[in-house]
Amino acid sequence: DEARLSLHLQHANVVSVFDIGKSNDTYFIVMEYVEGTTLKSIMESFAERGQPMPVHVSVWVLSQILEGLGYAHALPDPENAAKQLGIVHRDVSPPNILVSWMGEVKLTDFGLAKATTQLESTDPGVVKGKFAYLSPEAAQGTEVDARTDVFAVGILAYEMLTGKRLFLGETDWQTVENVRNCEVPSIAEQNPQVP
């Protein structure tokens, strides 16, 4: 499913998939190599210095992530142009955002993505994604749509601009409960640089 879905994604802010194949009994995906780092590494570097990311850099990175997601969310079905593929990434998180040394921001790992064209479906009540970046509906195991990805970008915004994790608990259970409660402290109160 990931390979079939990824072949449709051709955007500057999404890692390109060039080919899919099978060797013996193992499938593989030939993807664009992005020479650089992850958003996770960048955020950790700022955290080690006790600083949030600069506002202008954070806003630019977030806008690039949203460009890629907006493209994926609106992508038409190649077999029926009147219909969208209905792609939802479901794993928008710092390790899945690549930043090249040239400053390109690219979304990767559509391995958990859901689309209307999928061969396999997720059982009701099954939670997919990194717990600290789930939306409340994903944490409940209910149906998700593009808003789930936008919510995850909001979590990224909070973490980039404050230098603090938003929903991370001491256990996975506590993290999921924090997501379900969805209490978000003011960013501006924690970072006076944020208007």
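Please refer to the structure placed before this passage.
Computed from a predicted structure; not experimentally measured. (Residues numbered from 1 in each chain as written. Predicted model: local features only at pLDDT ≥ 70, side-chain atom pairs only at ≥ 80, totals over all residues. Heavy atoms only, no water.)

> Sorry, what's going on with the side chain of Thr162 here?
Secondary-structure assignment places Thr162 in helix 5 (residues 146–162). Here Tyr158 takes part through its backbone oxygen, which lies 2.8 Å from a polar atom of the side chain of Thr162. Of the polar contacts made by the side chain of Thr162, one reaches the backbone nitrogen of Lys164; its length is 3.1 Å. (Helix = DSSP H or I, 4+ residues; strand = E, 2+ residues; numbered from the N terminus. Polar contact = N/O pair within 3.5 Å; in protein donor to acceptor, adjacent residues only side chain to side chain.)

> Teacher, can you tell me more about the environment of Ala152 here?
By the element assignment, Ala152 lies in helix 5. Assessed through its relative accessible area of 3%, Ala152 is described here as buried. Taking the C-alpha atoms as reference points, Ala152 and Ser135, 17 residues apart in sequence, are found 6.6 Å from one another. When neighbours within four sequence positions are excluded, Ala152 is seen to be in contact with Val92 and Tyr133. (Buried < 20%, exposed > 50% of the residue type's maximum accessible area, 1.4 Å probe, protein only. Contact = heavy atoms within 4.5 Å.)

> Whenever I open this one, the pattern of salt bridges confuses me. Can you help?
For the coordinates displayed, the defined rule picks out five salt bridges. With a shortest N-O distance of 3.2 Å, Glu32 and Lys106 are connected by a salt bridge. Linking Glu32 in the loop between strand 2 (26–31) and strand 3 (36–38) with Lys106 in strand 7 (residues 105–107), this pair joins segments that are 74 residues apart in sequence. A salt bridge links Glu159 to Arg165, with the nearest nitrogen and oxygen atoms 3.3 Å apart. Here Glu159 falls in the buried class, since its relative accessible area comes to 3%. Residue Arg165 is classed as partly exposed on the basis of its relative accessible area of 42%. (Salt bridge = Lys/Arg side-chain N within 4 Å of Asp/Glu carboxyl O.)

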